Amino acid sequence: MKPLETGDPTSLGEGRYRLVGRLGQGGMGVVYLGRSRSGRAVAVKVVRPELSTDPGFRRRFADEVAAARRVGGFHTAPVVDADPDGEPAWLVTAFVPGPTLQAVLARVGSLPLDTLTVLAAGLAEALEAIHRAGVIHRDLKPANIIVAEDGPRVIDFGIARALDGTSLTQTGLQVGTPGFLAPEQLTGGGVLTPAVDMFALGVVLTQAAGGAPFGDGPSAARHYKVVHEEPDLTAVPRELREAIGACLSKDPAARPTPAAFLGTLTVRHPDGGSWLPEAATQLLPPPEPAVRPTTPDSPWDSPPDSPSATAQDLPVPDAAPPAVAEPRTEQSRTMTGPVAQPSPSPARVPQAVPGMPRRRRAVVAALLVTSLAAVGLFVWQPWKDSTKDNSKPHAAAPTGSTSASAPAPFPADPLLIRQDTAPGWPGTCHSVIARRDAATEKPVGLIAGGAGACDTLPQWSPDRRSFAFTRSTPEGTAVWTASADGSNARWITSIAGGRVSWSPDGSRLAVLRKKDGVQQLFVVGVADGTARQITSGGSQVEDPAWSPDGKSIAVCLQTGPGNWQIHLVDPADPNRAPQQVTRLPHPALDPVWSPDGTTFAYTAGTYGTNTQGDIRLVNADGSDDRELVSTSAHEMDPAWSPDGTWVAFVRGPYEKPVIWAVRADKTGERPLTTGATTEGHPAWR
């Protein structure tokens, strides 16, 4: 949650709702955290002033609010108050504590049959209540479904239709999300009916089963398949396949109503336990609701990378963040999301959780990090060698370093970075890919993904003529490539999130994908997207890094609850057992090879504990594990310079990272980020 800004209202409804902070904003307006007179937390959505002056919008908004207030049922989040005639117009929704289905699927990959039946029945009951009130949702998707302890809840029903015909839709904002639109929505033929929601339900349930009914390629290819080809339901359990297939009929009249769909289900409620698998229950918040980011892709909200406790699509404040694990979305990952996440990931909130890597969550709790104050004491100069070295030399010069009498000059090579164009990281992503040049102070923007796109984790190709990056959108997470100047951006393949790594010849990428609910290492051809699985088994994989000689890929494998260590796998022999490199009592993550292939730089530690994260060096055979950077602040995401004499890294809390650099012999430490810019994910080579 962000503080109120100048010009924001402090209360609405003649004092019925006190506004205490900003939760998000989008095409339709700003969403605030509010408190009723009794202290109940609510989400207050305030329409943009320019929309409030549009008579057509006001009329449609009033109609949709009136219809939405008629919606009841166990599986929806109600609109509790509104003033469509207000200056500006606004509405208030109740909260539902829990992550989005999008976040759950990013965490578990697919749901078991029992859970699928409960989910299917709950969503069908929600749609029945919505349709009974004369409302068509038109944007049913995992991001608009909250997973609560007692079942799913559908949010954001109908309100988005008010945007039809406004300047927003006329300039390209589509009501509805690609991938969940029915054929008649794509072709524009005829009046839309409640059957479009049943089509979206079929897509949602197929995804929840671990499938992609019309593939996971670019939108244009999927749209063609939606209109012209039959869905792929191989991932759907046999006993649900016929019912879900009927929802995905091309003919709206052939799709079942929610009641008819319910009649085909045999709901399997687990005895004496949660309706969710254990991995998903870890995402549920504690009884007291917590401030969370807003759900993505609503016309109200900026997209997050992490699960949310929402009011309709929004969070509830005033408690410590729930101790759950999400897709990693901090500096080295994309929002699990979903935005994992990144990695992750994911956002995927920094509390140590047994069985999960540290930094699988986006930070919500306030952290007392004294080092940020020190950043203001440094005056940035163009990247040249410093005359003020802040650390004592290491006893033995690491790879690539020069003699003690001739310190290595600062590299002239450009640094790729993730640049945040607005506050909110990692809960809300406003990131683009940019380049920091040695002779200039301000970064040069290369990739601007547009509305809803979260671009992170850039990696130079070996010839530096192009780079790869991770892009998360409401449709999923994928790896893209672009020319060195940012042109010719191209989708390569869908991934689970996190960073990717080039093969030395630049023909392949090491990526992360889910297989049977487990994140595994795959190698993908850049030219044709063909994929080959490298790791298998039950251990989750993170942070691939291809060796300079191409013979090994470093990954992080889970060796115990909450503990991850660096291992080497052989891409030519996937059956060969991984070779363990680090053996620390706490996580070792973010490995990057030195250019000569002899040394790793990596992140050691757990966010929020002891010295938090430190940057360490270790020989590729596991010997001479030593400290490079260790302060009371959090350091992470190391990146070697092309000549191996310097290491860039990130310092500070997740919300306000700053890129620094230090020689590999521990001298010359300096900040590279300038001004108030938030930057992360440095990549030098």
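I will try to describe carefully the structure that is included in this document. (Residues numbered from 1 in each chain as written. Predicted model: local features only at pLDDT ≥ 70, side-chain atom pairs only at ≥ 80, totals over all residues. Heavy atoms only, no water.)

Quick word on the overall build of the chain
The test is simple: Put simply, DSSP H or I for four residues or longer makes a helix, DSSP E for two residues or longer makes a strand, and each gets a number counted from the N terminus. Every accessible area reported is derived by Shrake-Rupley at a probe size of 1.4 Å, with residue values counting cover from the shown protein chains alone.
Within the chain, the regular secondary structure consists of twelve helices and 34 strands. In the form shown here, the chain has an accessible surface area of approximately 25100 Å², with 52% of it arising from carbon and sulfur atoms.

So, helix 4 (residues 113-132)
To keep it simple, the criterion reads: What a helix is expected to span follows from its residue count: subtract one and scale by 1.5 Å. Only protein chains enter the accessibility calculation, which uses a 1.4 Å probe; a residue whose area is less than 20% of its type maximum is buried, one above 50% is exposed, and one in between is partly exposed.
Taking 1.5 Å as the rise per residue, helix 4 with 20 residues should run 28 Å; its terminal C-alpha atoms sit 28 Å apart, in good agreement. Of all 20 residues in helix 4, 15 are buried, a share of seventy percent or more. Gly134 lies just past helix 4 and shows a positive phi near 80 degrees.

So, the side chain of Thr206
Put simply, the rule is: For the purposes of these results, a polar contact is taken to be a pair of N or O atoms within 3.5 Å, where, inside protein, one atom must be able to donate a hydrogen and its partner to accept one; residues adjacent in sequence count only when each atom of the pair is a side-chain atom. Contacts are residue-level and defined by heavy atoms, with any inter-residue pair within 4.5 Å sufficient.
Turning to its location among the elements, Thr206 is positioned in helix 7 (residues 195-208). From its side chain, Thr206 meets the backbone oxygen of Gly202 in a polar contact 2.7 Å long. In this structure Thr206 touches Gly211, Ala212, Pro213, Asp232, Leu233, Val236, Ile244 and Leu248, once residues within four positions along its chain are discounted.

Some points on the nonpolar core
To be explicit about the condition: Here the nonpolar core consists of buried residues drawn from Ala, Val, Leu, Ile, Met, Phe, Trp, Tyr and Cys, with membership extended through side-chain atoms lying within 4.5 Å.
Counting residues in hydrophobic clusters, the biggest one holds 52 residues, and the most contacted among them are Leu111 and Phe261. Secondary-structure elements contributing two or more residues to this core are helix 3 (101-108), helix 4, strand 8 (145-148), helix 7 and helix 9 (238-247). Considering every element that reaches this core, the biggest residue donor is helix 4, with eleven residues. Aside from chain neighbours lying at most four places away, what touches Phe261 is Ala120, Ala124, Met198, Leu201, Leu205, Ala243, Ile244, Cys247 and Pro256.

So, the sheet that holds strand 19 (residues 508-515)
The line we're drawing: Should DSSP find at least two bridges between two strands, the strands are taken to pair.
Taken together, four strands build an open sheet; the order of strands is 18-19-20-21 and the sheet is antiparallel. Both edges of this open sheet fall to strand 18 (501-502) and strand 21 (531-533), since each of them pairs with a single strand only. Where strand 19 lies against strand 20 (residues 518-525), eight bridges are found, and the strand directions are antiparallel. From the neighbouring strand, Arg513 faces strand 20, where its bridge partner is Gln520.

Structural notes on unusual backbone geometry
Across the chain, the bulk of peptide bonds are trans and the bulk of non-glycine residues have phi less than zero. Following Glu87, the chain continues to Pro88 via a peptide bond in cis, the omega torsion being 5 degrees. For Pro88, the location among the structural elements is in the loop between strand 5 (79-83) and strand 6 (90-93). At Asp590, a residue that is not glycine, the phi angle is positive and equals roughly 55 degrees. Residue placement: Asp590 occurs in strand 26 (residues 588-593). The buried category is assigned to Asp590, whose relative accessible area is 0%.

Here's the deal with the packing of helix 4 against helix 7
Under the convention used in this document: To obtain each axis, a line is fitted to C-alpha atoms, and for helices this fit is confined to the stretch in contact; angles are then taken between N-to-C directions over 0 to 180 degrees. Roughly parallel here means an angle under 35 degrees, roughly antiparallel means over 145, roughly perpendicular means 65 to 115, and every remaining angle is called oblique. Definitions for this section: a left-handed crossing has its near helix turned counterclockwise from the far helix by less than a right angle. A right-handed crossing has that turn clockwise. Classification used: nonpolar for Ala, Val, Leu, Ile, Met, Phe, Trp, Tyr, Cys and Pro, charged for Asp, Glu, Lys and Arg, polar for all others including Gly.
Remark: helix 4 packs on helix 7, axes separated minimally by 11 Å, with the N-to-C direction vectors making an angle of 165 degrees. Between helix 4 and helix 7, the angle falls in the class roughly antiparallel. As for the relative orientation of helix 4 and helix 7, their crossing is right-handed in sense. Residues Leu116, Leu119, Ala120, Leu123, Leu127 and His131 of helix 4 form the contact with helix 7, whose own contacting residues are Asp197, Met198, Leu201, Val204, Leu205 and Ala208. Residue composition of the contact of helix 4 with helix 7, grouped by class: ten nonpolar, one polar and one charged.

Note that all results are geometric; they support no functional claim without further evidence.
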